[in-house]
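Structural overview for review
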Amino acid sequence: LGHGGHLSLLFRFFLELHPDTHIQFSPHRNRYASVVSIEKMKLIAAAGAIIAIANSASTAYGFSPSTSISSFTSSRRPSSNPAAAYSRPRRSSPATILRMSAAPLNVGIVGATGAVGKEIVGCLEKRSFPVGGLRIFGSERSAGREVETKFGKVTVELFDEGAARECDVVFLAVDGDFSLAHAENICAGDDGAVVIDNSSAFRYVDGVPLVVPEINAETTKGKKLIANPNCTTAIGLMAVWPLHKLFGLKKMVMSTYQAASGAGQPGMDELKDGTLSVLKGERDVAENKIFAYPLPFNVIPHIDKFQENGYTKEEMKVTWETRKICGLSDDFPVSCTAVRIPTSRAHSESIVALFDKPVDVAAARNALEEAPGVKLVDDVENLKYPMPLTATGQYDIEVGRLRKNIAFDNALEFFVCGDQLLRGAALNAVVVAEAMVENGALKAKAATA
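Residues numbered from 1 in each chain as written. Predicted model: local features only at pLDDT ≥ 70, side-chain atom pairs only at ≥ 80, totals over all residues. Heavy atoms only, no water.

Observations concerning the environment of D330
Let me state the cut-off plainly: Only DSSP runs of H or I reaching four residues or more are called helices, and only runs of E reaching two or more are called strands; each is numbered from the N terminus.
For D330, the location among the structural elements is in the loop between α10 (313–326) and β12 (334–340). Sequence spacing of D330 and W320 is 10 residues, and the spatial spacing of their C-alpha atoms is 7.9 Å.

Dropping the structure here:
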(Lines give C-alpha, C1' and ligand atoms only; values in the text may rest on other atoms or scores of the structure.)
Protein backbone atom coordinates (compact mmCIF):
# COMPACT_ATOMS: atom_id res chain seq x y z
CA LEU A 1 0.00 0.00 0.00
CA GLY A 2 2.90 2.37 0.62
CA HIS A 3 2.85 5.19 3.12
CA GLY A 4 1.85 8.31 1.20
CA GLY A 5 -0.65 7.28 -1.48
CA HIS A 6 -4.44 7.30 -1.55
CA LEU A 7 -4.59 3.56 -0.78
CA SER A 8 -2.50 4.10 2.32
CA LEU A 9 -4.85 6.89 3.42
CA LEU A 10 -7.81 4.64 2.71
CA PHE A 11 -6.27 1.80 4.73
CA ARG A 12 -5.60 4.10 7.71
CA PHE A 13 -9.15 5.43 7.49
CA PHE A 14 -10.44 1.83 7.56
CA LEU A 15 -8.36 1.04 10.63
CA GLU A 16 -9.70 4.12 12.42
CA LEU A 17 -13.21 2.82 11.87
CA HIS A 18 -12.22 -0.74 12.88
CA PRO A 19 -9.28 -0.74 15.30
CA ASP A 20 -9.88 -4.42 16.13
CA THR A 21 -8.68 -5.51 12.69
CA HIS A 22 -5.73 -7.92 12.91
CA ILE A 23 -2.76 -6.90 10.71
CA GLN A 24 -0.03 -9.35 9.72
CA PHE A 25 3.33 -8.16 8.34
CA SER A 26 4.27 -9.76 5.03
CA PRO A 27 7.90 -10.58 4.19
CA HIS A 28 7.40 -8.73 0.92
CA ARG A 29 8.51 -5.12 1.28
CA ASN A 30 5.69 -2.60 1.89
CA ARG A 31 2.96 -5.21 1.70
CA TYR A 32 0.49 -6.16 4.37
CA ALA A 33 -2.18 -8.75 4.86
CA SER A 34 -5.25 -8.20 7.00
CA VAL A 35 -7.75 -10.56 8.50
CA VAL A 36 -11.14 -8.87 8.35
CA SER A 37 -14.77 -9.85 8.04
CA ILE A 38 -16.60 -9.67 4.72
CA GLU A 39 -18.80 -6.92 6.15
CA LYS A 40 -15.79 -4.78 7.03
CA MET A 41 -14.19 -5.33 3.66
CA LYS A 42 -17.30 -3.99 1.97
CA LEU A 43 -16.54 -0.66 3.59
CA ILE A 44 -13.11 -0.36 2.00
CA ALA A 45 -14.41 0.60 -1.43
CA ALA A 46 -17.06 2.87 0.00
CA ALA A 47 -14.59 4.59 2.30
CA GLY A 48 -12.77 5.96 -0.70
CA ALA A 49 -15.73 8.23 -1.34
CA ILE A 50 -15.52 9.94 2.03
CA ILE A 51 -11.75 10.44 1.66
CA ALA A 52 -12.24 12.11 -1.71
CA ILE A 53 -15.07 14.23 -0.35
CA ALA A 54 -13.15 15.24 2.77
CA ASN A 55 -10.03 16.10 0.81
CA SER A 56 -11.89 18.19 -1.75
CA ALA A 57 -14.08 19.85 0.88
CA SER A 58 -11.08 20.95 2.91
CA THR A 59 -9.51 22.62 -0.11
CA ALA A 60 -12.68 23.39 -2.01
CA TYR A 61 -12.21 27.11 -1.99
CA GLY A 62 -8.44 27.20 -1.97
CA PHE A 63 -8.40 27.40 1.84
CA SER A 64 -7.52 25.23 4.77
CA PRO A 65 -8.16 26.26 8.38
CA SER A 66 -4.57 27.46 8.72
CA THR A 67 -4.22 29.36 5.47
CA SER A 68 -5.09 32.84 4.33
CA ILE A 69 -6.86 34.01 1.22
CA SER A 70 -3.54 34.63 -0.49
CA SER A 71 -2.83 30.89 -0.38
CA PHE A 72 -5.53 30.37 -2.99
CA THR A 73 -3.05 30.87 -5.78
CA SER A 74 0.10 29.44 -4.31
CA SER A 75 -1.55 26.14 -3.42
CA ARG A 76 -2.30 25.31 -7.06
CA ARG A 77 0.33 23.43 -9.01
CA PRO A 78 -0.20 22.54 -12.68
CA SER A 79 1.40 19.14 -12.13
CA SER A 80 -1.32 18.22 -9.62
CA ASN A 81 -3.93 18.14 -12.38
CA PRO A 82 -3.96 14.84 -14.30
CA ALA A 83 -5.59 16.60 -17.23
CA ALA A 84 -2.53 18.79 -17.74
CA ALA A 85 -0.63 15.89 -19.24
CA TYR A 86 -3.01 15.43 -22.12
CA SER A 87 -4.42 18.88 -22.86
CA ARG A 88 -3.13 21.38 -25.37
CA PRO A 89 -1.92 24.86 -24.37
CA ARG A 90 -4.77 27.35 -24.35
CA ARG A 91 -5.06 30.28 -26.68
CA SER A 92 -5.76 33.28 -24.48
CA SER A 93 -8.85 35.41 -24.95
CA PRO A 94 -8.30 39.14 -25.44
CA ALA A 95 -10.30 39.60 -22.27
CA THR A 96 -7.64 37.76 -20.27
CA ILE A 97 -4.73 40.00 -21.32
CA LEU A 98 -5.12 43.49 -19.93
CA ARG A 99 -3.36 46.56 -21.24
CA MET A 100 -0.33 47.39 -19.15
CA SER A 101 -1.46 51.02 -19.26
CA ALA A 102 -4.78 50.29 -17.49
CA ALA A 103 -5.13 52.60 -14.50
CA PRO A 104 -5.32 50.93 -11.08
CA LEU A 105 -8.90 50.37 -9.97
CA ASN A 106 -10.51 50.52 -6.56
CA VAL A 107 -12.25 47.17 -6.19
CA GLY A 108 -15.02 46.29 -3.76
CA ILE A 109 -16.39 42.85 -2.93
CA VAL A 110 -19.61 42.29 -1.03
CA GLY A 111 -19.76 38.80 0.41
CA ALA A 112 -16.02 38.11 0.19
CA THR A 113 -16.12 35.74 3.15
CA GLY A 114 -18.54 33.39 1.35
CA ALA A 115 -17.68 30.63 -1.10
CA VAL A 116 -17.90 32.66 -4.32
CA GLY A 117 -16.52 35.81 -2.69
CA LYS A 118 -13.40 33.97 -1.57
CA GLU A 119 -12.88 32.73 -5.11
CA ILE A 120 -13.25 36.28 -6.48
CA VAL A 121 -10.43 37.38 -4.18
CA GLY A 122 -8.36 34.43 -5.35
CA CYS A 123 -8.95 35.22 -9.03
CA LEU A 124 -7.97 38.85 -8.50
CA GLU A 125 -4.79 37.70 -6.75
CA LYS A 126 -3.80 35.28 -9.48
CA ARG A 127 -4.69 37.29 -12.57
CA SER A 128 -3.33 40.58 -13.87
CA PHE A 129 -6.38 42.66 -12.98
CA PRO A 130 -5.21 46.19 -12.04
CA VAL A 131 -6.25 46.29 -8.39
CA GLY A 132 -5.24 49.63 -6.92
CA GLY A 133 -7.05 49.03 -3.66
CA LEU A 134 -9.32 46.30 -2.31
CA ARG A 135 -12.28 46.89 -0.01
CA ILE A 136 -14.27 44.02 1.46
CA PHE A 137 -17.80 44.65 2.71
CA GLY A 138 -19.72 42.33 4.99
CA SER A 139 -22.42 42.01 7.60
CA GLU A 140 -22.20 43.03 11.24
CA ARG A 141 -21.01 39.52 12.01
CA SER A 142 -17.96 39.73 9.75
CA ALA A 143 -17.22 43.47 9.97
CA GLY A 144 -13.94 44.22 11.69
CA ARG A 145 -12.27 40.98 10.69
CA GLU A 146 -8.87 41.27 9.05
CA VAL A 147 -8.18 39.30 5.88
CA GLU A 148 -4.70 38.73 4.49
CA THR A 149 -4.54 39.17 0.72
CA LYS A 150 -1.92 39.70 -1.97
CA PHE A 151 -2.94 43.35 -1.89
CA GLY A 152 -2.27 43.70 1.81
CA LYS A 153 -4.24 43.19 4.99
CA VAL A 154 -7.87 44.21 4.48
CA THR A 155 -10.31 44.97 7.29
CA VAL A 156 -13.86 43.91 6.50
CA GLU A 157 -16.14 46.96 6.48
CA LEU A 158 -19.79 46.96 7.42
CA PHE A 159 -21.64 47.27 4.11
CA ASP A 160 -22.74 50.77 3.22
CA GLU A 161 -24.05 51.88 -0.19
CA GLY A 162 -22.17 55.16 -0.05
CA ALA A 163 -18.88 53.43 0.69
CA ALA A 164 -19.49 50.91 -2.09
CA ARG A 165 -20.15 53.74 -4.56
CA GLU A 166 -16.65 55.06 -3.89
CA CYS A 167 -15.21 51.99 -5.64
CA ASP A 168 -14.67 51.75 -9.39
CA VAL A 169 -16.12 48.24 -9.57
CA VAL A 170 -18.07 46.21 -7.02
CA PHE A 171 -18.52 42.44 -7.19
CA LEU A 172 -21.71 41.25 -5.48
CA ALA A 173 -21.40 37.68 -4.16
CA VAL A 174 -24.66 37.77 -2.24
CA ASP A 175 -28.24 36.55 -2.59
CA GLY A 176 -30.80 37.97 -4.98
CA ASP A 177 -32.73 39.89 -2.35
CA PHE A 178 -29.63 41.82 -1.32
CA SER A 179 -28.79 42.58 -4.95
CA LEU A 180 -32.32 43.78 -5.66
CA ALA A 181 -32.14 46.11 -2.67
CA HIS A 182 -28.71 47.63 -3.34
CA ALA A 183 -27.20 46.95 -6.80
CA GLU A 184 -28.94 49.72 -8.70
CA ASN A 185 -28.22 52.26 -5.97
CA ILE A 186 -24.51 51.40 -6.01
CA CYS A 187 -24.20 51.96 -9.75
CA ALA A 188 -26.62 54.88 -10.15
CA GLY A 189 -25.34 58.06 -11.78
CA ASP A 190 -22.05 58.99 -13.36
CA ASP A 191 -20.28 58.73 -10.01
CA GLY A 192 -21.59 55.24 -9.22
CA ALA A 193 -19.53 52.07 -9.42
CA VAL A 194 -19.76 49.36 -12.05
CA VAL A 195 -21.58 46.44 -10.43
CA ILE A 196 -21.09 42.80 -11.45
CA ASP A 197 -23.80 40.76 -9.74
CA ASN A 198 -23.47 37.02 -9.23
CA SER A 199 -27.08 36.48 -8.16
CA SER A 200 -30.09 35.78 -10.36
CA ALA A 201 -31.71 39.14 -9.51
CA PHE A 202 -31.12 40.91 -12.84
CA ARG A 203 -30.38 38.06 -15.29
CA TYR A 204 -33.67 38.37 -17.13
CA VAL A 205 -34.11 42.14 -16.89
CA ASP A 206 -34.15 43.90 -20.24
CA GLY A 207 -31.22 46.27 -20.62
CA VAL A 208 -29.03 44.40 -18.11
CA PRO A 209 -26.38 42.38 -19.97
CA LEU A 210 -26.09 38.70 -19.01
CA VAL A 211 -22.51 37.96 -19.87
CA VAL A 212 -20.12 35.15 -20.63
CA PRO A 213 -17.28 37.39 -21.83
CA GLU A 214 -15.90 34.94 -24.40
CA ILE A 215 -19.34 35.10 -26.05
CA ASN A 216 -20.88 38.54 -25.61
CA ALA A 217 -18.45 40.90 -23.88
CA GLU A 218 -19.46 43.67 -26.28
CA THR A 219 -22.87 43.93 -24.55
CA THR A 220 -21.15 45.50 -21.51
CA LYS A 221 -20.23 48.71 -23.37
CA GLY A 222 -21.90 51.71 -21.78
CA LYS A 223 -23.41 49.61 -18.96
CA LYS A 224 -22.97 49.94 -15.20
CA LEU A 225 -24.86 46.84 -14.02
CA ILE A 226 -23.86 43.40 -15.33
CA ALA A 227 -25.42 40.04 -14.45
CA ASN A 228 -23.36 36.88 -14.06
CA PRO A 229 -25.10 33.76 -15.45
CA ASN A 230 -26.08 30.58 -13.68
CA CYS A 231 -23.05 28.32 -13.26
CA THR A 232 -24.54 25.46 -15.31
CA THR A 233 -25.28 27.72 -18.25
CA ALA A 234 -21.87 29.38 -18.22
CA ILE A 235 -19.99 26.08 -18.19
CA GLY A 236 -22.05 24.53 -20.98
CA LEU A 237 -22.04 27.54 -23.28
CA MET A 238 -18.25 27.75 -23.19
CA ALA A 239 -18.27 24.52 -25.22
CA VAL A 240 -21.44 25.13 -27.24
CA TRP A 241 -20.56 28.62 -28.50
CA PRO A 242 -17.57 27.66 -30.72
CA LEU A 243 -19.71 24.94 -32.32
CA HIS A 244 -22.62 27.33 -32.79
CA LYS A 245 -20.36 29.73 -34.68
CA LEU A 246 -19.21 26.87 -36.89
CA PHE A 247 -22.41 24.98 -37.63
CA GLY A 248 -25.33 27.16 -36.43
CA LEU A 249 -27.14 25.82 -33.35
CA LYS A 250 -30.68 24.57 -34.05
CA LYS A 251 -31.68 22.80 -30.82
CA MET A 252 -29.98 21.66 -27.63
CA VAL A 253 -30.69 18.99 -25.01
CA MET A 254 -28.62 18.99 -21.82
CA SER A 255 -28.45 16.71 -18.80
CA THR A 256 -26.46 17.97 -15.83
CA TYR A 257 -24.71 16.18 -12.99
CA GLN A 258 -24.22 18.84 -10.35
CA ALA A 259 -21.98 18.69 -7.30
CA ALA A 260 -23.01 19.26 -3.70
CA SER A 261 -21.13 22.55 -3.65
CA GLY A 262 -23.84 23.99 -5.86
CA ALA A 263 -25.71 24.32 -2.57
CA GLY A 264 -22.73 26.05 -0.95
CA GLN A 265 -20.66 24.94 2.02
CA PRO A 266 -23.74 23.61 3.87
CA GLY A 267 -24.40 21.24 0.97
CA MET A 268 -20.82 20.01 0.99
CA ASP A 269 -20.94 19.52 4.76
CA GLU A 270 -24.17 17.55 4.52
CA LEU A 271 -22.66 15.24 1.91
CA LYS A 272 -19.45 14.69 3.88
CA ASP A 273 -21.11 14.22 7.27
CA GLY A 274 -23.86 12.03 5.86
CA THR A 275 -21.43 9.77 4.05
CA LEU A 276 -19.35 9.38 7.18
CA SER A 277 -22.38 8.53 9.32
CA VAL A 278 -23.35 5.71 6.95
CA LEU A 279 -19.80 4.35 6.68
CA LYS A 280 -19.43 4.31 10.46
CA GLY A 281 -22.67 2.37 10.75
CA GLU A 282 -24.37 5.12 12.71
CA ARG A 283 -27.19 5.32 10.19
CA ASP A 284 -28.46 3.18 7.31
CA VAL A 285 -29.49 6.31 5.40
CA ALA A 286 -27.97 9.75 5.88
CA GLU A 287 -29.91 12.70 7.26
CA ASN A 288 -30.89 15.52 4.92
CA LYS A 289 -31.68 19.16 5.60
CA ILE A 290 -30.16 20.95 2.60
CA PHE A 291 -31.20 18.54 -0.14
CA ALA A 292 -34.67 17.13 -0.80
CA TYR A 293 -33.40 13.62 -0.06
CA PRO A 294 -30.17 12.17 1.35
CA LEU A 295 -27.38 12.71 -1.19
CA PRO A 296 -24.76 10.15 -0.08
CA PHE A 297 -24.98 7.00 -2.25
CA ASN A 298 -27.86 8.60 -4.17
CA VAL A 299 -28.69 10.95 -7.04
CA ILE A 300 -31.55 13.46 -6.92
CA PRO A 301 -33.24 14.61 -10.18
CA HIS A 302 -34.43 17.82 -8.55
CA ILE A 303 -32.61 21.17 -8.22
CA ASP A 304 -34.60 24.31 -7.35
CA LYS A 305 -38.38 24.64 -7.48
CA PHE A 306 -40.61 22.80 -9.95
CA GLN A 307 -42.39 24.98 -12.50
CA GLU A 308 -45.83 24.59 -14.07
CA ASN A 309 -44.33 23.00 -17.19
CA GLY A 310 -42.75 20.17 -15.18
CA TYR A 311 -39.21 21.53 -15.41
CA THR A 312 -37.36 22.87 -12.38
CA LYS A 313 -36.25 26.49 -12.22
CA GLU A 314 -32.60 25.34 -12.47
CA GLU A 315 -33.44 23.62 -15.74
CA MET A 316 -35.33 26.61 -17.10
CA LYS A 317 -32.39 28.88 -16.23
CA VAL A 318 -30.38 27.00 -18.86
CA THR A 319 -33.12 27.64 -21.43
CA TRP A 320 -33.68 31.31 -20.60
CA GLU A 321 -30.02 32.21 -20.24
CA THR A 322 -28.83 30.37 -23.34
CA ARG A 323 -31.30 32.40 -25.40
CA LYS A 324 -30.23 35.73 -23.91
CA ILE A 325 -26.45 35.19 -23.88
CA CYS A 326 -26.29 33.77 -27.40
CA GLY A 327 -28.78 36.25 -28.87
CA LEU A 328 -31.28 33.54 -29.84
CA SER A 329 -35.04 33.87 -30.24
CA ASP A 330 -37.33 33.76 -27.22
CA ASP A 331 -38.71 30.40 -28.36
CA PHE A 332 -35.38 28.78 -29.26
CA PRO A 333 -35.61 25.09 -28.23
CA VAL A 334 -33.35 24.25 -25.29
CA SER A 335 -34.22 21.45 -22.83
CA CYS A 336 -32.41 20.48 -19.65
CA THR A 337 -32.65 17.88 -16.89
CA ALA A 338 -30.65 18.82 -13.79
CA VAL A 339 -29.50 16.14 -11.34
CA ARG A 340 -27.67 16.52 -8.03
CA ILE A 341 -24.95 13.89 -7.54
CA PRO A 342 -22.73 12.99 -4.54
CA THR A 343 -19.55 14.71 -5.69
CA SER A 344 -18.00 17.61 -3.85
CA ARG A 345 -17.19 20.17 -6.53
CA ALA A 346 -17.33 20.78 -10.32
CA HIS A 347 -20.46 20.25 -12.41
CA SER A 348 -20.72 17.91 -15.38
CA GLU A 349 -23.01 18.11 -18.40
CA SER A 350 -23.95 15.77 -21.21
CA ILE A 351 -24.99 17.84 -24.23
CA VAL A 352 -26.66 16.91 -27.50
CA ALA A 353 -26.53 19.84 -29.92
CA LEU A 354 -28.40 19.85 -33.24
CA PHE A 355 -27.18 22.17 -35.98
CA ASP A 356 -28.38 23.77 -39.21
CA LYS A 357 -25.30 22.69 -41.15
CA PRO A 358 -23.79 19.23 -41.56
CA VAL A 359 -21.35 18.56 -38.74
CA ASP A 360 -17.74 17.50 -39.05
CA VAL A 361 -16.08 16.05 -35.95
CA ALA A 362 -12.56 17.06 -37.01
CA ALA A 363 -13.65 20.66 -37.57
CA ALA A 364 -15.50 20.64 -34.26
CA ARG A 365 -12.40 19.39 -32.44
CA ASN A 366 -10.31 22.12 -34.01
CA ALA A 367 -12.84 24.79 -33.01
CA LEU A 368 -12.83 23.58 -29.40
CA GLU A 369 -9.04 23.40 -29.31
CA GLU A 370 -8.85 27.02 -30.44
CA ALA A 371 -11.60 28.32 -28.15
CA PRO A 372 -10.44 30.44 -25.18
CA GLY A 373 -11.33 29.01 -21.81
CA VAL A 374 -11.88 25.50 -23.23
CA LYS A 375 -9.62 22.49 -22.77
CA LEU A 376 -10.22 19.57 -25.15
CA VAL A 377 -9.76 16.38 -23.12
CA ASP A 378 -10.74 13.71 -25.62
CA ASP A 379 -8.45 10.68 -26.01
CA VAL A 380 -10.66 7.66 -25.38
CA GLU A 381 -7.96 5.19 -26.44
CA ASN A 382 -5.98 6.32 -23.39
CA LEU A 383 -9.10 6.83 -21.23
CA LYS A 384 -8.80 10.60 -21.17
CA TYR A 385 -12.06 12.50 -20.83
CA PRO A 386 -13.58 15.27 -18.69
CA MET A 387 -14.15 14.51 -15.01
CA PRO A 388 -14.91 16.56 -11.89
CA LEU A 389 -11.66 15.20 -10.45
CA THR A 390 -9.59 16.94 -13.12
CA ALA A 391 -11.82 20.00 -13.64
CA THR A 392 -11.89 21.04 -9.99
CA GLY A 393 -9.82 24.16 -9.35
CA GLN A 394 -9.20 24.79 -13.04
CA TYR A 395 -10.01 27.98 -14.94
CA ASP A 396 -10.75 26.22 -18.23
CA ILE A 397 -13.75 23.96 -18.70
CA GLU A 398 -13.04 20.47 -20.01
CA VAL A 399 -14.86 19.02 -23.02
CA GLY A 400 -14.56 15.53 -24.46
CA ARG A 401 -16.39 12.38 -25.61
CA LEU A 402 -17.04 14.36 -28.79
CA ARG A 403 -18.90 12.36 -31.44
CA LYS A 404 -21.67 12.46 -33.99
CA ASN A 405 -25.02 11.70 -32.41
CA ILE A 406 -26.52 8.61 -34.08
CA ALA A 407 -30.14 9.45 -33.22
CA PHE A 408 -30.36 12.85 -34.96
CA ASP A 409 -29.09 14.34 -38.19
CA ASN A 410 -26.47 17.09 -38.03
CA ALA A 411 -25.95 16.56 -34.31
CA LEU A 412 -22.95 16.35 -31.99
CA GLU A 413 -22.83 14.84 -28.53
CA PHE A 414 -20.20 15.65 -25.94
CA PHE A 415 -19.43 15.79 -22.22
CA VAL A 416 -18.39 18.90 -20.29
CA CYS A 417 -16.97 19.45 -16.80
CA GLY A 418 -16.23 22.77 -15.14
CA ASP A 419 -15.58 24.22 -11.71
CA GLN A 420 -18.83 26.02 -11.01
CA LEU A 421 -17.34 28.26 -8.34
CA LEU A 422 -14.73 29.51 -10.83
CA ARG A 423 -15.86 29.37 -14.46
CA GLY A 424 -19.46 29.32 -13.34
CA ALA A 425 -19.18 32.23 -10.93
CA ALA A 426 -16.07 34.02 -9.61
CA LEU A 427 -13.78 33.67 -12.61
CA ASN A 428 -16.54 34.65 -15.03
CA ALA A 429 -17.19 37.81 -12.98
CA VAL A 430 -13.52 38.79 -12.97
CA VAL A 431 -13.12 38.12 -16.70
CA VAL A 432 -16.21 40.29 -17.29
CA ALA A 433 -14.43 43.10 -15.47
CA GLU A 434 -11.28 42.49 -17.53
CA ALA A 435 -13.32 42.71 -20.73
CA MET A 436 -14.87 45.97 -19.54
CA VAL A 437 -11.43 47.44 -18.92
CA GLU A 438 -10.48 46.43 -22.45
CA ASN A 439 -13.57 47.95 -24.10
CA GLY A 440 -13.51 51.10 -21.98
CA ALA A 441 -16.69 50.40 -20.01
CA LEU A 442 -14.70 50.21 -16.76
CA LYS A 443 -12.28 53.01 -15.92
CA ALA A 444 -10.80 54.49 -12.79
CA LYS A 445 -12.97 57.42 -11.71
CA ALA A 446 -9.96 59.72 -11.56
CA ALA A 447 -9.31 58.89 -15.21
CA THR A 448 -12.87 59.79 -16.19
CA ALA A 449 -13.00 63.05 -14.21
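Moving on, there is more to tell.
Side note on the nonpolar core
Note that soluble globular proteins tend to have their nonpolar side chains buried in a common cluster. Rules: To qualify as a nonpolar core, a set must consist of buried Ala, Val, Leu, Ile, Met, Phe, Trp, Tyr and Cys residues joined through side-chain atoms within 4.5 Å. A 1.4 Å probe rolled over the protein chains alone gives each residue an accessible area, and that area as a share of the maximum for its type sets the label: buried under 20%, exposed over 50%, partly exposed in between. Two residues qualify as a contact provided that any one of their heavy atoms is within 4.5 Å of a heavy atom in the partner residue.
Core analysis: the biggest nonpolar cluster contains 55 residues, and V399, L412 and F414 have the highest contact counts within it. No other element matches helix α8 (residues 231–247), which puts nine residues into this core. When neighbours within four sequence positions are excluded, V399 is seen to be in contact with A239, L368, V374, K375, L376, V377, D378, P386, F414, F415 and V416. Within the second largest apolar cluster, 40 residues are counted, among which are A112, V194, L422 and V432.

Describing the packing of α8 against helix α11 (residues 361–370)
Put simply, the rule is: In this description, a line fitted to the C-alpha atoms serves as the axis of each element, helices being fitted only across the stretch in contact, and the angle between N-to-C directions of two axes falls anywhere from 0 to 180 degrees. Under this scheme an angle from 65 to 115 degrees is roughly perpendicular, one under 35 degrees roughly parallel, and one over 145 degrees roughly antiparallel; angles in between are oblique. By the definition used in this description, the sense in which the near helix is turned from the far one sets the handedness, with an anticlockwise turn below a right angle giving left-handed and a clockwise turn giving right-handed.
Between α8 and α11, the least distance of the axes is 9 Å, while the angle of their chain directions is 130°. By the angle between their axes, α8 is oblique relative to α11. As α8 packs across α11, the resulting crossing turns out to be right-handed. For the pair α8 and α11, the contacting residues are A239, P242, L243, L246 and F247 in the first and A363, A364, A367 and L368 in the second.

Overview of the pattern of salt bridges
Pairing is possible between side chains of opposite charge, provided their charged atoms come close. Counted only if it meets this: Any Lys or Arg side-chain nitrogen located within 4 Å of an Asp or Glu carboxyl oxygen qualifies as a salt bridge.
Summed over all chains, the structure comprises 15 salt bridges. Between D304 and K317 there is a salt bridge, with its nearest N and O atoms 3.5 Å apart. Here the residue D304 occupies a position in the loop between α9 (264–279) and α10, and K317 occupies one in helix α10, the gap between them amounting to 13 residues. Residue classification places D304 among the partly exposed residues on the basis of a relative accessible area of 33%. Look at K317 and you get buried, because its relative accessible area is 10%. We note a salt bridge from E413 to R403, for which the minimum N-O separation is 3.5 Å. Residue E413 is located in strand β16 (residues 411–418), and its partner R403 is located in strand β15 (residues 397–404); the two are separated by 10 residues in the primary sequence. Accessibility expressed as a relative area gives 17% for E413, which makes it buried. Linked through salt bridges whose partners overlap, the residues forming this network are E119, R345 and D419.

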